[in-house]
Amino acid sequence: MNERTDPALATPAAALAPGDGPERPPAADDRRPRLAGAGRGEGRTPLDGRRAAEVRPSFDCARLTLARRLRGLRKNQLAQAVGTTPAAIGRYEAGVAHPGAATLPRLAIALGVPPAFFRPGSGPVAPAADAAHFRSLRSTTQIERDQALAYGRLAADIVAALEDLVDFPRARLPEFPVPPDEIGGAAPVEAARLARRELVGADGPIPHLVRVLEQHGVIVLTLPPSTERVDAFSIGAHPRPLVLFNPAKGDRARNRFDAAHELGHLVMHADAEPGSRIVEDQAHRFAAEFLMPADQIAGRLPATADWDRLAELKGVWGVSIAALLYRARTLGVMREPVYRAAVAALARQGHRRAEPGPPRPLESPTMLVRAVELAAEAGVDRDRLAALARVPRPDLDLLVPPRR
């Protein structure tokens, strides 16, 4: 990243270190984003010949698909909302017909986007479903995954617009490909050790994992509440790595483990088919080693269900009691019968979902929030940014909430 020497830019640029706040680690200058330089059956006309040439400049069929998925609607639901047929919606999205003058505004209203949203324009390629590492493909529907991916596309559009206004940290993550069929091998642990050396560079607990990701150019976002059934997921190159969190998880420790799990996918699984149990197990093992290195935590783990000790370790290492129990088992500190009894005890006490102890705030992403603020200082407010990114303003505010 080029250093900026203009004194007019020095203060706001320096302020855009990811994670402004009391937990901010010492920031390196080359990791700071900073200001850069400056009716039914209607519209069924086939798109061929002169008519196609007239239509293409005013309507992009892919944008209609994006908007429909963004709202989590099926074609028949959208058709009912605008007074047309599912077949007509299919033709619009396939590009073989286009909505007429009466239907286009109804589509915009039903989908909560301005009519201009459907105009063609350059932008990042939409992330494909087979490029995203969803935690489980069995517990979510295709509609839910499509909606989450649509928000990922909006995030990429926002970042693309901001790239012209703000210099982000260079995306730099280590690569350690792990065969997607490797069961129980040492590769995920080795990958985690490499990543920890390059991204953290120090022993002990990681104070703020989301900040580490942002400092290395990863875009981190929390998905809107409508996507709460989708677990955290990641996309490797679009055009920057993206990590998107589940909005319903209010547990800091689980949030951090999710971040480490998705980092594992970004480091190990550029070519792996998402969703397989083996690949997910590899990412779990990566996360455990990344957050709780064996050589640093094995001697601290209890061999019995010492709840006070486990609660203390949870506060220090920022991981759940459940994760600590599993780590003790996999490292051979805790015997299998003891582990199973401890997990059963957690369940009986109702602590599998909400563990004991005072709640701590989630590690919130801040890089995009600060980037939007810097853009405003440069004269591009949120309304203008939304227009540049071709993102509805309410969706911009959902993905990048203003500071209160």
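Going by the structure above, here's the rest.
The sections below set out a description of the structure shown in this document. Per chain, residues are indexed from 1 in the order of the written sequence. Local features are withheld for residues below a pLDDT of 70 in this predicted model, meaning they are given only at 70 or higher, and side-chain atom pairs are given and counted only at 80 or more; totals for whole chains, interfaces and linings count all residues. Here the side-chain values reflect all heavy atoms present in the structure, with hydrogen atoms and water set aside.

Stacked, tilted and edge-to-face are the three classes assigned to paired rings of Phe, Tyr and Trp, where Trp is represented by its six-membered ring and a pair needs centres within 6.5 Å; plane angles under 30 degrees give stacked, over 60 edge-to-face, the rest tilted. According to the stated counting rule, one finds four aromatic pairs in the structure shown. Considering the side-chain rings of F117 and F118, the 5.9 Å spacing of their centres and the 90° angle between planes classify their relative orientation as edge-to-face. Categorising residues by exposure relies on relative accessible area from a 1.4 Å probe, with only protein chains included: less than 20% of the type maximum marks a residue as buried, more than 50% marks it as exposed, and the intermediate range marks it as partly exposed. Taking relative accessible area as the criterion, F117 reaches 3% and is therefore assigned buried. Centroid distance F286 to F290: 5.7 Å. Interplanar angle 10°. Geometry classified as stacked. Remark: F290 and F286 occur in helix 11 (residues 277-291); sequence separation between them is four residues, near one turn of the helix. Think of it this way: any DSSP run of H or I at least four residues long counts as a helix, any run of E at least two long counts as a strand, and we number them from the N terminus.

Below, the discussion takes up the nonpolar core. Counting 54 residues, the largest nonpolar core has F118 and L162 as the members making the most contacts within it. If one sorts the elements of this core by residue count, helix 7 (residues 142-163) sits on top with 10 residues. Beyond its immediate chain neighbours, meaning those up to four positions away, L162 contacts F168, L368, A371, V372, A375 and L385. To form a nonpolar core, buried Ala, Val, Leu, Ile, Met, Phe, Trp, Tyr and Cys residues must be joined to one another through side-chain atoms within 4.5 Å. We call two residues in contact whenever any of their non-hydrogen atoms come within 4.5 Å of each other.

When a carboxyl oxygen of Asp or Glu lies within 4 Å of a side-chain nitrogen of Lys or Arg, that pair is called a salt bridge. Within the structure shown, the criterion is met by 22 salt bridges. Here E289 and R193 are joined by a salt bridge, their closest N and O atoms 3.3 Å apart. Pair noted here: E289 is in helix 11 and R193 is in helix 8 (residues 187-199), with a separation of 96 residues, a long-range link. Residue classification places E289 among the buried residues on the basis of a relative accessible area of 4%. We classify R193 as partly exposed; its relative accessible area is 36%. Of the charged contacts, one joins R327 and E289 as a salt bridge, the two residues approaching to 2.6 Å between their closest N and O atoms.

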